[in-house]
Amino acid sequence: MAPPPPATLPLSDRLLALVKTLQFSWFVGHLTLLLCTIRYTISVIRFSTSGAMAQFSYRLAFLSAAVTYGIVVFKAYRAKLARGQQQPPQQQLFGLLADENVQYLAMALIWLYSKSIYFALLPFAVYSTFHFLSYLRTNVIPTFIPPTYTPGASPTSRQVIQHPISEAIGRFVKQNYDTSMHLVSNLEIFLWVRVFLGALVFKNSWVLLACYTAFLRVRYAQSAFVRQAFQGLERKGDALVSDAKVPDGVRNAWRVGKDVVKRAGEATEFGKVVNGAAGRKTQ
């Protein structure tokens, strides 16, 4: 992430330098996604998701998500081209599959053109919350209120004194990052259940289920948080069916279901491919 404009510039020049960067558009995209999610959540609470404003908020949220992830992908691959890094087509394809930003960009576009599912917004909103706060702390606040320095004999011996709001945001992000990643992983698994049940009753398409299953399979291959979420779900399921009161049919169905999922995972070659590739962290 680019540093904030120099503190020696006037405030108007600092603001102009800030808003002219592509990273600021990325920040605005995350802010827009958060505002649209809040607006659509209000519609969900009021049972008015079919209204024009609610649908506009939902579509704009995923359009903003596509823009933010598109900016990250564009900057990453533009930097590769600038360095003259040329790869065989097959390796480029595997690199795209392994890039988490490409994965979320693809899913944002899929959700954008699919029927509205409220829970699809939540993982993106969690990511956007942390990206919004991080940029606010490192770029926006220092642009308005440049940091000060402790007295020292030389510039290298002085320490930066951040604004108290910046320090509070930094502590919040650091203390809650792992918790938020666990939350996102569980939300993504719950969302698969929602899409699966929706496909059974024809509320959403089976093509959407196939696309999201592929996405979640790749996430399982790459993300330790997703694997931990599945392991936690398996432990809870095992504990429930171990009760003597649970009918044998339910217990057998649970075992068969686990076996089917494990066999499907072992048979999915693309998951092994992207797991071996170097994927970038979600931006």
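Our subject is the structure that appears above.
Definitions and cut-offs
Residues numbered from 1 in each chain as written. Predicted model: local features only at pLDDT ≥ 70, side-chain atom pairs only at ≥ 80, totals over all residues. Heavy atoms only, no water. Salt bridge = Lys/Arg side-chain N within 4 Å of Asp/Glu carboxyl O. Helix = DSSP H or I, 4+ residues; strand = E, 2+ residues; numbered from the N terminus. Buried < 20%, exposed > 50% of the residue type's maximum accessible area, 1.4 Å probe, protein only. 1 Å grid on protein atoms, 1.4 Å probe; cavity = no way out; pocket = protein on both sides within 12 Å on 5 of 7 lines; lining within 4 Å. Points joined across faces, edges and corners; volume = space filled by probe spheres on them. Nonpolar A, V, L, I, M, F, W, Y, C, P; charged D, E, K, R; others polar.

1. Things to note about the pattern of salt bridges
Taken as a whole and judged by the stated rule, the model has six salt bridges. Arg219 is the salt-bridge partner of Glu100, the closest N and O atoms lying 3.6 Å from each other. Here the residue Glu100 occupies a position in helix H5 (residues 100-112), and Arg219 occupies one in helix H8 (residues 206-222), the gap between them amounting to 119 residues. When sorted by exposure, Glu100 lands in the same class as Arg219, which is buried. Lys262 serves as the salt-bridge partner of Glu234, at 3.4 Å between the closest nitrogen and oxygen. Note that Glu234 is positioned in helix H9 (residues 224-241) and Lys262 in helix H10 (residues 248-267), a separation of 28 residues in sequence.

2. Here we look at empty space enclosed by the protein
Per the stated rule, a full pass over the model turns up one cavity of 30 Å³ or more. Computed from the structure, the largest cavity encloses a volume of approximately 60 Å³. What lines the largest cavity is Tyr104, Met107, Trp111, Ala120, Pro123, Phe124, Glu188, Leu191, Tyr212 and Phe215. Contributing elements (two or more residues each) for the lining of the largest cavity: H5, helix H6 (121-144), helix H7 (164-200) and H8. The leading source of residues in the lining of the largest cavity is H5, at three residues. Partitioned by chemical class, the residues of the lining of the largest cavity number nine nonpolar, no polar and one charged.

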